[in-house]
Each structure stands twice: as structure tokens, then as C-alpha cells.
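Observations on chain architecture
Now for the letters of each chain:
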Amino acid sequence: MEIDRNKTYIIGDYTFTNYICLHDSQIRQILEWRNHDEVRRWMYKSDIISYESHIKYIESLRAREDAYYWLVSYQDEPVGAVYLANVCHEADTAELGMFYRPDRVNHSPFGIDYVHTLYDFVVNHLHIGRIYGDIRKDNENSLALTLFMGASVIKEEEVNRMKYIQTLTTAGSFNQRTSQQLSAKEYLKFVRKYLKNE
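As a starting point, this report considers the structure included with it. Keep in mind the model is a prediction, meaning the values are calculated, not measured.

A word on the sheet that holds strand 1 (residues 9–11). Remark on secondary structure: sheet strands pair via backbone hydrogen bonds, oriented parallel or antiparallel. The strand order across the open sheet formed by 8 strands is 1-2-3-4-5-6-8-7, and the pairing between neighbours is mixed. The open sheet has two edge strands, strand 1 and strand 7 (152–159), and neither has a second partner. Between one strand axis and the next, the sheet turns by 25° as a mean value, whatever way the strands run. Bridge count between strand 7 and strand 8 (residues 162–170): 7 bridges; the pairing is antiparallel. Its bridge partner being in strand 8, Ser-152 is matched across the sheet by Leu-168. On top of the sheet, helix 1 (residues 24–35) reaches strand 3 (68–74), strand 4 (77–88) and strand 5 (93–100); it is set at about 80° to strand 4, its chief contact.

Listed below in C-alpha cells is the structure:
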């Protein structure tokens, strides 16, 4: 595992800038996205976050080794965020979370490329071997994209009266899956097959 919070990572047209390196306007923009109904409704903690709490949390990230957050930009335009929580350097594991900025939520072709690049970032640039995810069961788009990237379902659990699907993506399963074509057409075929088997 190789995480440098002061490094700006560039993968193709995507840039990953750690929250601790952001300017105030960028921090406020992320907070606005996170507090938007379309984003926070999918979160474990869906309460509105205050600016003061947001700043305090970002400051805490400077010294933490178990959590990392990045602003994701596409062709220099901020488009979302990705974060790792419960990072265990010894076990080479982390929990992955992500969101798009609210006006990008329903852009499926963008979603495939975005999610693929996030996983590539975590697996092949940060070198994390096992990535866990918790996805609300009714968030079918996110679950399908995660499975399309090579994840497997571990279990279903209930948190705050909401059902979540826990997934696991290994570096091997992601790289094997993405050695194949990851087009919108292949994704639609995958979703049809997945829905048929559910």
C-alpha cells in the first residue's frame, strides 16, 4: 500500500487531489455536493454536515492513517470524490466510498469510466489488495457498477433500518475483469444478466 496524501495523482484525464491540499472554495464545493439530497440519501450518515464540522474533519485527516479523501477532477473539472475508510496497512484492506457531483449522478457512460478510474486508482496506484464496499440495496446502479468492476457480494446487513450489500473487490478480480472490454454496451449486457439471475 502506497498512499501519499500530498501527491496529486493523474490517471488519463482524471486528477485526484487529497482534501488536505484543497483551497477553501473547493472544500465548500465538496460540502455542497455532499449535503445535496441526491448524494447524502445514499450515505450511512445522511445528516447535513456543517462547514465547521467539515473543516474539522478535513484537518483531522492530516494525522490519520485510517482515512483518506480525494477530490476527483475530469479534464480539470471537479466531478466527484473518492475516499478510503478503515484503511488497514498491515492487512492491505480499505473500505471504498465515492460520489459524483449531483448534476453527474445520472450520466451512465460517465459513470462507467469514473468508477473504473476510481478502482484503477485504488488498486494500481495506491496498491490496495482488498477493497470492501457497503452499498444500499436499493442503489441498484451503484451495486451493478461495483459488480461490473469485479466485486463479489459478501453479505447483506441492516444498518439504521436500511439494507446494505457488502462487497469485496480484490486487485486480482478488478484487473482480470478490466482486462476485458468495459464499454456501455458490455455494461448493459452485464446488468441484464445480473437482473435475470437475481
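From this point on, the discussion continues.
Contact geometry for helix 1 and helix 3 (residues 51–60): axes closest at 11 Å, N-to-C directions at 115°. Compared by their axis directions, helix 1 and helix 3 come out roughly perpendicular. Note on packing geometry: the crossing formed by helix 1 with helix 3 is right-handed. Of helix 3, the residues touching helix 1 (which contributes Asp-24, Ile-27, Arg-28, Ile-30 and Leu-31) are Tyr-51, His-54, Ile-55 and Ile-58. Along the lines of polarity and charge, the residues of the contact of helix 1 with helix 3 split into 6 nonpolar, 1 polar and 2 charged.

Procedures and definitions
- Residues numbered from 1 in each chain as written.
- Predicted model: local features only at pLDDT ≥ 70, side-chain atom pairs only at ≥ 80, totals over all residues.
- Heavy atoms only, no water.
- Pairing = 2+ DSSP bridges.
- Helix = DSSP H or I, 4+ residues; strand = E, 2+ residues; numbered from the N terminus.
- Axes fitted to C-alpha atoms, helices over the stretch in contact; angles between N-to-C directions.
- Contact = heavy atoms within 4.5 Å.
- Parallel < 35°, antiparallel > 145°, perpendicular 65-115°, else oblique.
- Left-handed = near helix turned anticlockwise from the far one by under 90°.
- Nonpolar A, V, L, I, M, F, W, Y, C, P; charged D, E, K, R; others polar.

Purely spatial values, then, with no claim about function.
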